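Chain and residue survey
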Amino acid sequence: MKIRVINPNTSASMTAKIGEAARAVASPGTVIDAVQPSFGAPSIEGHHDDVWAAAGVAEQVRAGERDGADAHVIACFGDPGLHAARELARGPVIGIAEAAFHCASLLATGFSVVTTLTRTCVIAEHLVLQYGFERRCRGIHGTDIAVLELDDPASDAHARILASARQALERDRSGAIVLGCAGMADLCARLQAELGVPVVDGVAAAVKLAEGLVAIGLGTSKRGDYAWPLRKDYVGLAAPYSPGPELSGQETRSG
Ligand code: 2AL
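Basis of the calculations
Residues numbered from 1 in each chain as written. Predicted model: local features only at pLDDT ≥ 70, side-chain atom pairs only at ≥ 80, totals over all residues. Heavy atoms only, no water. Buried < 20%, exposed > 50% of the residue type's maximum accessible area, 1.4 Å probe, protein only. Helix = DSSP H or I, 4+ residues; strand = E, 2+ residues; numbered from the N terminus. Arc of directions from axis to C-beta. Contact = heavy atoms within 4.5 Å. Pairing = 2+ DSSP bridges. Axes fitted to C-alpha atoms, helices over the stretch in contact; angles between N-to-C directions.

Details of helix α7 (residues 188-195)
- Within the span of α7, buried status applies to Cys188, Leu191 and Leu195. The arc that holds the buried residues of α7, viewed along the axis, is 65 degrees, so those residues lie on one side. Every exposed residue of α7 that faces more than 90 degrees away from the buried side is listed here: Ala189, Arg190 and Ala193.
- On the buried face of α7, the contacting elements are α6 (157-172), β7 (176-179) and β8 (199-201).
- Positive backbone phi, at 75 degrees, marks Gly196, one or two positions downstream of α7.

Okay, structure coming up:
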């Protein structure tokens, strides 16, 4: 099967790291296509970055559908464009935040999120509420590490994340840690060994959930709000992204 793993930011080094993390857990028969949008922000660290990332995800999901992807993973902790992506896809579309919340909830009664800049915490808080995990998520902790600092081998990101996770486990009385950025994937195994609790990397979680759903013959519902987007002509900058005839089975009228 083919899983398209979309890094919604435009940093090629991060796309490579995400691809590596995805391939490390993928089954032998699974091909991982790690891609990034042709436009957008080099890192997603706020609401404005997120808007452009969502459009970039939509671009890449459409390309993936043309390329025969069986499933898509959105590898940014804000799950940008998740619902739009599901409108565009036949197979499952899994966001790393939603995947990590589900997995952590299967491993502990309560979990804490350790993320990047404190300003991104509200994005994770909104997702916790949107997905209904407010009874399981006991805290969201910013480390004030910029996303691209995670790519710098000289940064002290690992030590700062470890310290924040230790504090979070204590303060929140949590049993598991969710890593709040795709760029933390390569730190996961070491942090788990050091902390002695499950540490969930959303990239790995999302790839395995996508694989599992495809393997048991499940895809995105095309009934209701995840139905194919209505065909219409967008204008200006958005014109090339108008929902066109290639979106199979699409509705031709509202309702
Ligand atoms: C992220 C992420 O996963 N990728 C990115 O660019 N920003 N998340 C975050 N909390 O900073």
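After that view of the structure, there is still more to cover.
Brief notes about the sheet that holds strand β5 (residues 111-115)
- Spatially, the four strands line up as an open sheet ordered β6-β5-β7-β8, and their pairing is parallel. Every interior strand has two partners, whereas the edge strands, β6 (137-142) and β8, have only one. The mean angle between the axes of side-by-side strands here comes to 25 degrees, regardless of whether they run parallel or antiparallel.
- Set on the sheet, α7 makes contact with β7 and β8; between it and β8 the angle comes to about 170 degrees.

It is worth stressing that arrangement in space is one thing and function is another; only the former is reported here.
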